[in-house]
Amino acid sequence: MTSSSADAQIFSAAWDRAWQALGLAPAIDALPQLLAAHAGPDRHYHGLQHIAECLQWLEQLRPQVAQPAELALALCFHDAIYDPQAKDNELRSAAWAQAVMQAAGAAPDAVQRVDALVMATCHFQPAQAQLPADSAWMLDIDLSILGAPAARFAQYQAQIQAEYAWVPAADYALRRQAVLRSFLQRPAIYQTATMQARLEAQARQNLEQALALA
């Protein structure tokens, strides 16, 4: 089994489990459309590997999550639309999630919660802000790559650079350094005590090393 097919299998299993937990059935074409979107040739980082890694984190954290099925769906949808030159990826991804959930007959409050989780990945809120239930988990899982083992973090760095290949190299280097530095300047990179304990030290080491090599 290739890594891509393994990632798709993790995605599909989490997708099915989430809908079963909600007692709903999505349109039959929703899953293949999502898998195809995440498998696009321009998805160097924001693709199936990233979603599969996020979903694996959710499985580890499930006992602490208030609405794990809704968080799983939010993770499946949060990069459904991804264009590095666009500013509305999260909004369009959230709209896709809303449409699928509404068509499946999901309760309005569940739709609203998933929408809020997807929109949380804009990462506009201040670090350690008071967040709605599960939003902190959503943010920490989305940023779990920062605390990945050094080899995976290096791969992630290369994947992000590939997604921004259209940006002149000098401009990219400056912008990327600013992004990495912004995480280091936070009092804590992760929102939850669990992820702080598990990933904070490695994340800071990864970021500092990346900046030293820039």
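Residues numbered from 1 in each chain as written. Predicted model: local features only at pLDDT ≥ 70, side-chain atom pairs only at ≥ 80, totals over all residues. Heavy atoms only, no water.

### A word on the side chain of Asp142
- Turning to its location among the elements, Asp142 is positioned in helix H7 (residues 135–142).
- One buried charge, Asp142, has no salt-bridge partner; the nearest side chain with opposite charge is Arg186, at 9.3 Å.
- Here His50 takes part through its side chain, which lies 3.1 Å from a polar atom of the side chain of Asp142. (Helix = DSSP H or I, 4+ residues; strand = E, 2+ residues; numbered from the N terminus. Buried < 20%, exposed > 50% of the residue type's maximum accessible area, 1.4 Å probe, protein only. Lys, Arg positive; Asp, Glu negative; His and termini not counted. Salt bridge = Lys/Arg side-chain N within 4 Å of Asp/Glu carboxyl O. Polar contact = N/O pair within 3.5 Å; in protein donor to acceptor, adjacent residues only side chain to side chain.)

### Topic: the nonpolar core
- Phe11, Trp15, Leu71 and Leu146 are the most contacted members of the largest nonpolar core, which has 62 residues in total.
- Looking at which element gives the most residues to this core, the answer is helix H4 (residues 68–77), with eight residues.
- Leu71 has contacts with Leu58, Val65, Leu117, Asp134, Trp137, Met138 and Ile141, leaving out every residue within four places of it along the chain. (Core = buried A, V, L, I, M, F, W, Y, C linked by side-chain atoms within 4.5 Å. Contact = heavy atoms within 4.5 Å.)

### Quick look at the pattern of salt bridges
- Tallied over the full model, the rule gives seven salt bridges.
- The salt bridge involving Arg62 is made with Glu59; its shortest N-O contact spans 2.6 Å.
- For Glu59, a relative accessible area of 39% gives the class partly exposed.
- The shortest N-O distance in the salt bridge between Asp88 and Arg92 comes to 4.0 Å.
- By relative accessible area, which is 41% here, Arg92 ends up partly exposed.

Limitation: the analysis is restricted to geometry and does not speak to function.
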